[in-house]
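Here is how the chains run, residue by residue.
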Amino acid sequence: MRLLSYVNSAAVVAGVGAGAHLLAQFVLLPHVSVLFIAAVVASAVLWGLGPSLFAAVLSVAAGSYFFYSPIYSFRVANPQDLVDLAVFVVVAALTSRLAARARARALEARRRQATIGGLYAFSERLAGSATAAELNASILEHLAPVIGRPIHLLLPEGDGLVPAASLDGAGPLPGEVLAAAGRVMAGDRAAVEGWRVDPLPTAQRIVGVVAAAQPADADAAAPPDPDYARALLGQAAIALERMRLGREIADARVKAQGEALREALINSVSHDLQTPLAAILGSATALETLGEAGDPRARRELATTIREEAERLGSYIGNVLDLTRIRSGQIAPRLELVELSDIIDAALRRKERGLAAHVVHVDVPADLPMLRLDLFLMEHAVANVLDNAAKYSPAGSEVSVVASVQDGEVALDIADSGPGIRPGDRERVFEAFVRGGAQEGGAAAGSGLGLAICRAFVEANGGAATVLDTGPGRGTTVRIRLPVPARADANGGPAGDD
Amino acid sequence: MTDARPKILVVDDEPQIRRFLRLGLEGHGYVVLEAATADAALRAAVAAQPELIVLDLGLPDRDGLEVLGALREWSRVPVLVLSVRNREDEKVRAFDLGADDYVVKPFGMAELLARIKAALRRRVEREAPTPLFRVGGLEVDLARRIVRVNDAEVRLSPKQYRLLQILVANAGKVVTHRQLLSEVWGVVHRDDVQYLRVFIRKLRSRIEADPARPRYLLTELGVGYRLRTPDQVPGPP
């Protein structure tokens, strides 16, 4: 390589010399040295200091031998020629320095561009990695060409460091590499023969370690650019940290939700189980101590309390069982073609006693299409809404159940004349353990499960449950929307005789 | 002197359930026999010939439905099934096997007494059927095959009348989809619940003032239909 530069320089000088000699046959060339300067400059620019100095010496020699009198002799008669020589040397030195610097700068610029391009591609790839596994693979694929392969990524888990991913890595990591990685993770330096172990540092901490096998003849390969490698490692560290933080936030959110639900459940259980139990136990023991002597009316009242509280307990347990079924994903609706009026009627009959003090108005058109529903789930959903309507509206007021076809769906509106639900709570009431906020100090006792179960059951049937905006003071209307099956052909049967 | 009070056999493995049933039923003039297992229940049914059996499905030695099936091989004694399982398929199985009623635990004494009374009355009526069935404004003259609603005669197709006839014969009791379908259309169609729904809808439009809120022909969701008896009909709205 180097030798070739000198040969090239010599060739250039020879070329210039030959050219000048040819030219001198036709024109007078008093300052032939100027032509040789071109050769020296060219050598300096193309090949650097050494070849250019070599070119300078060759030029002086050629000049003195071929052009300066006496021709064909290295003897220089004219002192002028000595000046030429000096000029050649100075020009060669200066030009080559300048050229070398320019070349170095160009190289640096190219390298930086490559670095920036590489980093950019790397960060794009990292940002596009949705899962931890994808991210790990992206990191290793980009690091391997720079640091070496096989390459392993080690991440902290629990108290230790475990191999999270590897590229070309056949077999487990040698123990000494693992140990070195542990030291690097702790912030120390560690060296293992034949391995390169790098930390993945963010500004705050080391998030992991990369270990790459190094080839035995490390010098033969192009040495990795340390800055570029560092930049890649830094980027990888940031991406890993971001992924970890994202996961921690998601975990924390799920945990917080779970905790909120558990707390609500405990509050609800302690209130909704303990209160009726206390009443039952109290009434029963009172009954026992009263004995024969007790006032018959008092005995009857105590017995009624026991019955009522036991019923309350029963309905609460039923609701919690329903909710458990929902949460454990046990709802597999058994869809069949049914009449909504049957479901409404069954729900009304089940809630007959609760609704006894209300005026119930039902409007279900006879030509309502048949729907594909799970009878049990839908009857439950409707009954729960009726239950709420009865609980949260004054005795003697109207509860209406109106079905209609709207926009190709069946809409079932169940409305009461109670205090209504505040606009901000219209969605919240469908959450478990949330009671409507408008009933402040209301005596009505509910577990706050009714509407949550209603919505879950309706959704299992492909429908939707919402609280309509009916305006203040106009009660609560819960709308259940249900899809109409494509072919709800209710007619036709065996041996139809009318 | 023989005891004229009706004998009821209570089959349940839970002593506290048996205790409150015994106290409640004896207080209302019934004689109560108890059995805690399926085997004891079958032995007592043969030995004591009770007028009615209250049968819990969750027995330790055998499923209550097996007891029901074994009973039905030789006896038509009314059987009232008790169960904590409030599931349609379970109810259907019990009714198809010949249960007279199905009561879901927990239940109240008043409800149970009403159902026992109804089952005992059906038993008496089965032995001496009356040709005229009346409930509210609905009147079915079985001898002359005439149906009246609020004193106005209603014309029914032969299939609709047959449907009503079966329901009248079982008045107060749940008749399952299967039972109705195989009786009216034959066993081939016993699973075509869809056809039955259409026919019930038509029948209701003839005999009910508001078919969407029937007062006589009631739907037992997912199980079957039941014709209300006079004591089950609420006063006029």
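The structure presented is a predicted model; accordingly, all values stated were derived computationally and were not measured. (Residues numbered from 1 in each chain as written. Chains lettered and ligands numbered in written order. Predicted model: local features only at pLDDT ≥ 70, side-chain atom pairs only at ≥ 80, totals over all residues. Heavy atoms only, no water.)

With that out of the way, let us pick up the interface of chain A and chain B. The interface is formed by 28 residues belonging to chain A together with 28 residues belonging to chain B. Buried area between chain A and chain B, summed over both chains or domains, comes out near 2400 Å², and the portion from carbon and sulfur atoms is 50%. Linking chain A with chain B are five salt bridges, by the criterion used here. Of the charged contacts, one joins Glu339 of chain A and Arg201 of chain B as a salt bridge, the two residues approaching to 2.8 Å between their closest N and O atoms. At the junction of chain A with chain B, the criterion picks out five residue pairs in polar contact (both at pLDDT 80 or more). Secondary structure elements with two or more residues in the side of chain A that touches chain B: strand S5 (336-338), helix H9 (340-350) and helix H10 (375-391) of chain A. Considering every element that reaches the side of chain A that touches chain B, the biggest residue donor is H9 of chain A, with seven residues. (Contact = heavy atoms within 4.5 Å. Buried area = accessible area lost by both parts, 1.4 Å probe. Salt bridge = Lys/Arg side-chain N within 4 Å of Asp/Glu carboxyl O. Polar contact = N/O pair within 3.5 Å; in protein donor to acceptor, adjacent residues only side chain to side chain. Helix = DSSP H or I, 4+ residues; strand = E, 2+ residues; numbered from the N terminus.)

Glancing now at the pairing of strand S11 (residues 217-220) of chain B. Residues and elements named next belong to chain B. By the bridge criterion, four bridges tie S11 to strand S12 (residues 224-227) in an arrangement that is antiparallel. What sits directly across from Glu220, in S12, is Gly224. Between S11 and S12, which pair antiparallel one after the other, the connecting turn spans three residues, and Gly222 there sits at a positive phi close to 75 degrees. (Pairing = 2+ DSSP bridges.)

When the parts of a complex come together, some accessible area is lost, and that lost area is often used as the size of the interface. The assigned domain composition of chain A is domain 1 (2-107), domain 2 (144-249), domain 3 (256-327) and domain 4 (336-438 + 446-483). Of note, the centres of domain 2 of chain A and domain 4 of chain A, computed from C-alpha atoms alone, are 60 Å apart. (Domains from an automatic or database assignment.)

Residue and element names in this part refer to chain A. Looking at chain A as a whole, the pLDDT averages 81, with 88% of positions reaching at least 70. Ranking the helices and strands of chain A by mean pLDDT puts strand S9 (residues 409-415) first, with 95, and helix H2 (residues 33-47) last, with 79. Considering only residues more than four positions removed or in separate chains, one finds that residues 438-444, a stretch of pLDDT under 50, has ten contacts. Counting contacts from residues 488-497, a segment whose pLDDT is below 50, to residues more than four positions away or on other chains yields 18 contacts. (pLDDT = per-residue confidence, 0-100.)

Turning next to the side chain of Ser283 of chain A. Its place among the elements puts Ser283 of chain A in helix H7 (residues 226-290). Leave out the neighbours within four places in its chain, and Ser283 of chain A touches Leu302, Thr305 and Ile306 of chain A.

Another aspect to go through is the packing of aromatic side chains. All names here are of chain B. For the coordinates displayed, the defined rule picks out four aromatic pairs over all chains. Each ring, one from Phe20 and one from Phe107, has its centre 6.0 Å from the other, and the planes form 40 degrees; the classification is tilted. Of this pair, Phe20 sits in helix H1 (residues 15-27) while Phe107 sits in the loop between strand S5 (101-104) and helix H5 (109-127); the two residues are 87 residues apart in sequence, bridging distant segments of the chain. Classification of Phe107 as buried rests on a relative accessible area of 13%. (Phe/Tyr/Trp six-rings, centres within 6.5 Å; stacked < 30°, edge-to-face > 60°. Buried < 20%, exposed > 50% of the residue type's maximum accessible area, 1.4 Å probe, protein only.)

All names here are of chain B. What the four strands build is an open sheet, ordered S6-S7-S8-S9; its pairing is antiparallel. At either margin of the open sheet sits one strand with a lone partner, and together these are strand S6 (132-135) and strand S9 (152-154). Geometrically, the sheet is characterised by an average inter-axis angle of 25 degrees between neighbouring strands, direction not taken into account. (Axes fitted to C-alpha atoms, helices over the stretch in contact; angles between N-to-C directions.)

Turning our attention to a nonpolar patch on the surface. Residues and elements named next belong to chain A. A contiguous nonpolar surface patch, about 510 Å² in accessible area, is contributed by Leu22, Leu23, Phe26, Val27 and Leu35. Take Leu35: it is sitting in helix H2. Since its relative accessible area comes to 32%, Leu35 is described here as partly exposed. (Patch = residues over 30% accessible without salt bridge, like charges linked within 9 Å, V, L, I, M, F, W, Y side chains within 5 Å. Areas by Shrake-Rupley, 256 points an atom, 1.4 Å probe, with all protein chains shown as cover.)

Before going further, it helps to spend a moment on the domain arrangement of chain B. Residues and elements named next belong to chain B. In terms of domains, chain B is made up of domain 1 (7-127) and domain 2 (132-232). Taken together, the contact pairs nine residues of domain 1 with 13 residues of domain 2. Carbon and sulfur atoms supply 54% of the area buried between domain 1 and domain 2, which totals about 880 Å² over both sides. Viewed at the interface, domain 2 and domain 1 are joined by zero salt bridges. The tally of links from domain 1 across to domain 2 stands at three residue pairs in polar contact (both at pLDDT 80 or more). Mapped by element, the contributors of at least two residues to the side of domain 1 that touches domain 2 are helix H4 (88-96) and H5. Here the side of domain 1 that touches domain 2 takes five residues from H4, the largest share from any one element. Here the side of domain 1 that touches domain 2 is built from residues that sort into three nonpolar, no polar and six charged. (Nonpolar A, V, L, I, M, F, W, Y, C, P; charged D, E, K, R; others polar.)

All names here are of chain A. Among the structural elements, Ser33 can be located in helix H2. Each C-alpha atom, one on Ser33 and one on Phe54, is 15 Å from the other, the two residues being 21 residues apart in sequence. Not counting chain neighbours up to four residues away, the residues in contact with Ser33 comprise Tyr68, Asp84 and Phe88.

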